[in-house]
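Next come the chains, spelled out residue by residue.
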Amino acid sequence: MKAALSHFTHTDDCSTEQLHGLLQLAQRVAADPSAYYQKLSGQLLINLFYEASTRTRVSFEVAAKRLGMHVVNIGTAGSSIEKGETLHDTFFTLQAMQPDFVVVRHPVEGTARDLVSLAEPGTHIINAGDGTAAHPTQALLDALTLQQHFGDLSGLTIVMAGDIRHSRVARSSLALLRRLGVKEIRLAAPADFLPGEQTVAHDRVFTEFDQALEGANVIMMLRIQKERISGLNIPDAGDYHRDWGLTPQRLALAAPECRVLHPGPINRGVEIASAVADGPQSLIRLQVRNGLYTRMALLLALSGGNHAAM
Amino acid sequence: MKAALSHFTHTDDCSTEQLHGLLQLAQRVAADPSAYYQKLSGQLLINLFYEASTRTRVSFEVAAKRLGMHVVNIGTAGSSIEKGETLHDTFFTLQAMQPDFVVVRHPVEGTARDLVSLAEPGTHIINAGDGTAAHPTQALLDALTLQQHFGDLSGLTIVMAGDIRHSRVARSSLALLRRLGVKEIRLAAPADFLPGEQTVAHDRVFTEFDQALEGANVIMMLRIQKERISGLNIPDAGDYHRDWGLTPQRLALAAPECRVLHPGPINRGVEIASAVADGPQSLIRLQVRNGLYTRMALLLALSGGNHAAM
Amino acid sequence: MKAALSHFTHTDDCSTEQLHGLLQLAQRVAADPSAYYQKLSGQLLINLFYEASTRTRVSFEVAAKRLGMHVVNIGTAGSSIEKGETLHDTFFTLQAMQPDFVVVRHPVEGTARDLVSLAEPGTHIINAGDGTAAHPTQALLDALTLQQHFGDLSGLTIVMAGDIRHSRVARSSLALLRRLGVKEIRLAAPADFLPGEQTVAHDRVFTEFDQALEGANVIMMLRIQKERISGLNIPDAGDYHRDWGLTPQRLALAAPECRVLHPGPINRGVEIASAVADGPQSLIRLQVRNGLYTRMALLLALSGGNHAAM
C-alpha cells in the first residue's frame, strides 16, 4: 500500500516510486489522451495566477477541461487582491467554493506549501511556480520528454545553461533528473547567473559555454528572467547571444545526438538561435505538448481512482 | 399563486414571502448542494463586472457552473468599453447572445435596475453591487448565515461598524434584516463614515465603538471603501485600528454568544484583528460558503421550475 | 465535389459557392439555433485576442459554448506576450494543445493567414480582425442581415460612410457585397478618411455626405478608429457629427425603405444620432444577433460533417 499523493508542490514531496508512477501515467496519457477525456467530469479547478503565464495557465486549463472539469481563472487584475486582501484570505474565499484543485503561481517562494497547510481535505494544491524555488510540473514534463526520446536516462550528460540563478525550472528539473539517475549535470552560466547557494543539483560548473558542451547529450536552455532580476545589469542581447546563445556552431560541439530543451517562452536571437529552436535537434515543441499530458496525468493521479492506477 | 421573481436588483423588489422563499431554498441548497448540480444545464450566464471582484464574481461563476451553465466573464479591461461604448450599447450586444442571466457590478447607483428596463423576456438581471446603493445577494447570504446560526432572528441586537457611509452592503443587509424582524440595529462609525441620509435602516447611532457593543449579538464589520472615498481623509490604519478595530478586548464587551460577520475582503489589523477574524466567534468563512449556496438558490429561483419550489 | 473549407481568414479565400453555402447555413442556424446546440461537443476553441473586443470575442465564445465546445480565452494582459515571446511561438504553444479552432485578432495585417501557414491539420484558423485588412466574419454577418431584410441583394445601392480608411470592416464587407452582386457601392468620407489605395470595392466616391444619399437602400456607418489613427488630427466630435453624423434629417435624403447598419461599437452623437441607431430603420441589433448565428455556422462549416451540409 502506497500513500496517495494529495498535493504537488515540489518534486521532493514525492517518493521516487510516486514520481515513476506519475511519469508512467503521463506516458499512457500521451499515448492516448482521449481515453481519459471526461474522467474527472464535474470537478472544479481554480487557476490562481499572481504572475503572467500563457503556457502553464492554458496547459492546466485545457488539461482540466479535456478531463471534464469546471475551470475558474483568477489573475491579479480585476480581483480583490487590488483591495489589499492577503493571499490567505483570498485562498479561504476560494476554499469556500470547495474546489477539487487549486493551481497557484506566485512570486513568493513557498506559497504553494503554505496553501497546503490551509487546505481542507478534498482540495489538492498544485504549484505552478513559486518565486525562484520550484516549478515541479515543468520538471515532470522535462523528464517525460527525455524519457520519450532517450528511454533510459542513466547514461545522459546534461548541460543547463543561462540564467540559472533566477530560474525555478533549474531547481526543479535538475533535482528530478538527479533522482532519475542521470550520469552528469553541468551548469554553464556567466558568473552573475550562477546560483549562489547549494540549491541547484549539479556535478560541474562552467563559466564558458563552449567548454561545457563536450559530450553533452542534452542542453537545457533558460531565458534571462528579467522580471526577477534586481541589483544586476541585464546583459545586452547581442553580447549575450555571442557568449551564451545556443547557435548551430555551439550545438555542434556537443554529442552528435544531442537534444535541446527550453521551458519557454524563448527569446530568439538572445539565449537561442532560431535555427536551433526550430531545428531537428530541438524537443521544445514536444515539451509543450507533454506539458498538457503531464498535467492531465497529475490531475488524474491526485484525484485518485482506478484510472490513475499508479 | 405568487408572481414569479424575474430579476434581483434590490431586496426591496421582493415581497417578504419571496425573500423567505429564497432563504429557504438557500438552506436546502446549503444542506445538499450536489442535489442541484446540472439543474440549469445549457443556460448562459454573463458576468459583467465594471469593478474589481474576486469573491462575488467567482461565487456566481462557480454557482452557475455547478448548475451546468455556460459562463462568460466580461471585465472592463480588453473590452469595447475602452472604445467609448455606452453601458446600454454593451448590454444590447450581450442581450443579443440571449443570455438567461446577466450579473452586473457597476460603480453607478441604479445600473442594475436600469438594465432591467432594457432586458428582453427570458433574461434575468442580477445586481452584484451598484455604487454605494445595493448588494442584495450579500444581504441574502448574511441573513442566511445568521438564520443558520441563531435560528430565529427576532431577538437579535446587531451592530454594524465602520465605513457605513460608502457601503452598499450596509444599505442592503440592514434593510433585509429589518424586514426579517431583528430587535435592534445600531450603527457605529466615526462621523465621516456615518451615512448622511436616511437610507440605512437603524435604531441607534454611536460615534464611540465601545459604547455600541453592550448586549450585541452580532457585529457586522465593514472595511474602509477607499475606492469610493473622495473629499475625505482616509484615516491612518494604526489610529483607525485603535479606535474602530474589532479586537478581542472589544468583542468581550458584547454579549457572550456574539458572532462576527464581515463581507470581505478584510483588512487585517485595520478594521478587524486577526484574532477575531479567525477566532471562534467569527462567521466570516461561513459567509463566503453561503455566498455560493445563496447564488445557486437565486439562479434556480429566477429560472423558475419545480426544483426552485418557492 | 467541393473542396472543404479549412480556414477562414479572408472572404477572398472562399469560392462564391462556399460563401453562399456559409450564408445558407447561417440562415438555418438563425431560424433554429438550438437545433445545433452540442453539435461540436468536446472540441476546443482558443480565442487569441491581441486587441480589445467585446462583441466579437463574446460572440465566438457563446457560439462555441452553445455548440458544446471548450473555450480558452487569451488576451495580451497576463500572458507570456509580456515576456517577449513572438506570435509564432505563442501559436506553437497553443497548437500543442491541439485546438480545433484558433480565433485570432491582431493589429498586424496578414496575421491570420500567417498562422494558417503554421497550423497543423485539424486546427482551423479564423480571422477575427487583422489590422485594417480584413474582418471577414463581420462581412458575413452584414451580408446575412441584408439578405434577411431585402432577400435579393442585386438591386441595392449601398453607401458606406465615415472612417473607411482605417476600417477592416469596410474592406471585408464591401468586397463580399460586391461578389454577392449589389448594384452600386458608394463611399462617403472626409478626404482624410478615404482609403488611399484601390483596396476598397466601390463605384463612386463622395466627400459630401448628403450628396451620397440619394436613392440609397443601405447606409453602413463606421466609427472613427481612433486606435489606428496616427499622423492625422482626430476631428472634434461636434464638428464631425454636423458634417458626417447620420441624423434623421440625413437619413430622410435616402430611399424611403433605407436601412442602417453599423459594426459597433457605436459612438452616439458622433457618427450616428441615437434617434437613428435606435430607430425603425436601424438593423444594428439584428447585426449583433446575426453575429452569433454566423459564427456558429462558420464553426460548423469548418468542422465538416453532415450538420454543416454545405
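Note that the structure is a prediction, hence the values are computed from the model and not measured.

## Some words on the overall build of chain A
Turning to step 1, where the next piece is worked out: Each helix and strand counted, chain A has 11 helices and nine strands in total.
Turning to step 2, where the next piece is worked out: In terms of C-alpha radius of gyration, chain A reaches 19 Å, essentially the compact-globule figure of 19 Å for 310 residues.
Turning to step 3, where the next piece is worked out: Across the 310 residues that make up chain A, the buried fraction comes to 64%.
Turning to step 4, where the next piece is worked out: Partitioning the contacts of chain A with sequence separation of at least 6, the portion at a separation of at least 24 is 77%.
Turning to step 5, where the next piece is worked out: Within chain A, one finds 28 positive and 31 negative side-chain charges whose respective centroids are separated by 6 Å.

## A short note on the interface of chain A and chain C
Turning to step 1, where the next piece is worked out: With 24 residues of chain A at the contact, the number on the chain C side is 26 residues.
Turning to step 2, where the next piece is worked out: When the two sides are added together, the surface that chain A and chain C hide from each other amounts to roughly 2,200 Å², 52% of it contributed by carbon and sulfur.
Turning to step 3, where the next piece is worked out: Counting across the chain A and chain C interface gives three salt bridges.
Turning to step 4, where the next piece is worked out: One salt bridge in this structure joins E85 of chain C and R55 of chain A, with 2.1 Å as the shortest N-O distance.
Turning to step 5, where the next piece is worked out: Counting across the interface, chain A meets chain C through 11 residue pairs in polar contact (both at pLDDT 80 or more).
Turning to step 6, where the next piece is worked out: Every element with two or more residues in the side of chain A that touches chain C is listed here: α2 (55-66) and α11 (284-303) of chain A.
Turning to step 7, where the next piece is worked out: Counting residues per element, the side of chain A that touches chain C draws most heavily on α2 of chain A, which supplies eight residues.
Turning to step 8, where the next piece is worked out: In terms of residue class, the side of chain A that touches chain C is made up of eight nonpolar, five polar and 11 charged.

## Comments concerning the relation of the copies chain B and chain C
Turning to step 1, where the next piece is worked out: Rotating chain B by 120 degrees and moving it 0.0 Å along the rotation axis overlays it on chain C with an RMSD of 0.0 Å. Considering both components of the superposition, the chain copies are consistent with a three-fold axis.

## Re the packing of helix α3 (residues 87-95) of chain B against helix α4 (residues 111-118) of chain B
Residue and element names in this part refer to chain B.
Turning to step 1, where the next piece is worked out: Relative orientation of the contacting elements α3 and α4 amounts to 50 degrees, with a least axis distance of 11 Å. Viewed along their axes, α3 and α4 adopt a mutual orientation that is oblique. Between α3 and α4 the crossing geometry is right-handed. Between α3 and α4, the contacting residues are L87, H88, F91, F92 and Q95 on the first element and T111, D114, L115 and L118 on the second.
Turning to step 2, where the next piece is worked out: Of the residues belonging to the contact of α3 with α4, the class tally is five nonpolar, three polar and one charged.

## Thoughts on the sheet that holds strand β3 (residues 101-106) of chain A
All names here are of chain A.
Turning to step 1, where the next piece is worked out: Strand order in this open sheet of four strands is β2-β1-β3-β4, and the pairing throughout is parallel. With partners counted over all chains shown, the strands left at the sheet margins are β2 (70-74) and β4 (124-130), one partner each. Within the sheet, the average angular offset between the axes of one strand and its neighbour, ignoring direction, is 15 degrees.
Turning to step 2, where the next piece is worked out: The pairing of strand β1 (residues 44-49) with β2 spans five bridges and is classified as parallel.

## Considering the pairing of strand β3 (residues 101-106) of chain B
Residue and element names in this part refer to chain B.
Turning to step 1, where the next piece is worked out: With respect to burial, β3 is a largely interior element, six of its six residues being buried.
Turning to step 2, where the next piece is worked out: The alternating pattern of β3 places F101, V103 and R105 on one face and V102, V104 and H106 on the opposite face, and all of these are buried.
Turning to step 3, where the next piece is worked out: For strand β1 (residues 44-49) and β3, the ladder comprises five bridges, and the chain directions are parallel. Counted as the bridge partner of L45 is F101 from β3.
Turning to step 4, where the next piece is worked out: Where β3 and strand β4 (residues 124-130) come together, five bridges link them in parallel fashion.

About the cut-offs
Residues numbered from 1 in each chain as written. Chains lettered and ligands numbered in written order. Predicted model: local features only at pLDDT ≥ 70, side-chain atom pairs only at ≥ 80, totals over all residues. Heavy atoms only, no water. Helix = DSSP H or I, 4+ residues; strand = E, 2+ residues; numbered from the N terminus. Rg over C-alpha atoms; globule rule 2.2 N^0.38 Å. Buried < 20%, exposed > 50% of the residue type's maximum accessible area, 1.4 Å probe, protein only. Contact = heavy atoms within 4.5 Å. Lys, Arg positive; Asp, Glu negative; His and termini not counted. Charge placed at Lys NZ, Arg CZ, Asp CG, Glu CD. Buried area = accessible area lost by both parts, 1.4 Å probe. Salt bridge = Lys/Arg side-chain N within 4 Å of Asp/Glu carboxyl O. Polar contact = N/O pair within 3.5 Å; in protein donor to acceptor, adjacent residues only side chain to side chain. Nonpolar A, V, L, I, M, F, W, Y, C, P; charged D, E, K, R; others polar. Least-squares fit on C-alpha atoms with pLDDT ≥ 70 in both. Axes fitted to C-alpha atoms, helices over the stretch in contact; angles between N-to-C directions. Parallel < 35°, antiparallel > 145°, perpendicular 65-115°, else oblique. Left-handed = near helix turned anticlockwise from the far one by under 90°. Pairing = 2+ DSSP bridges.

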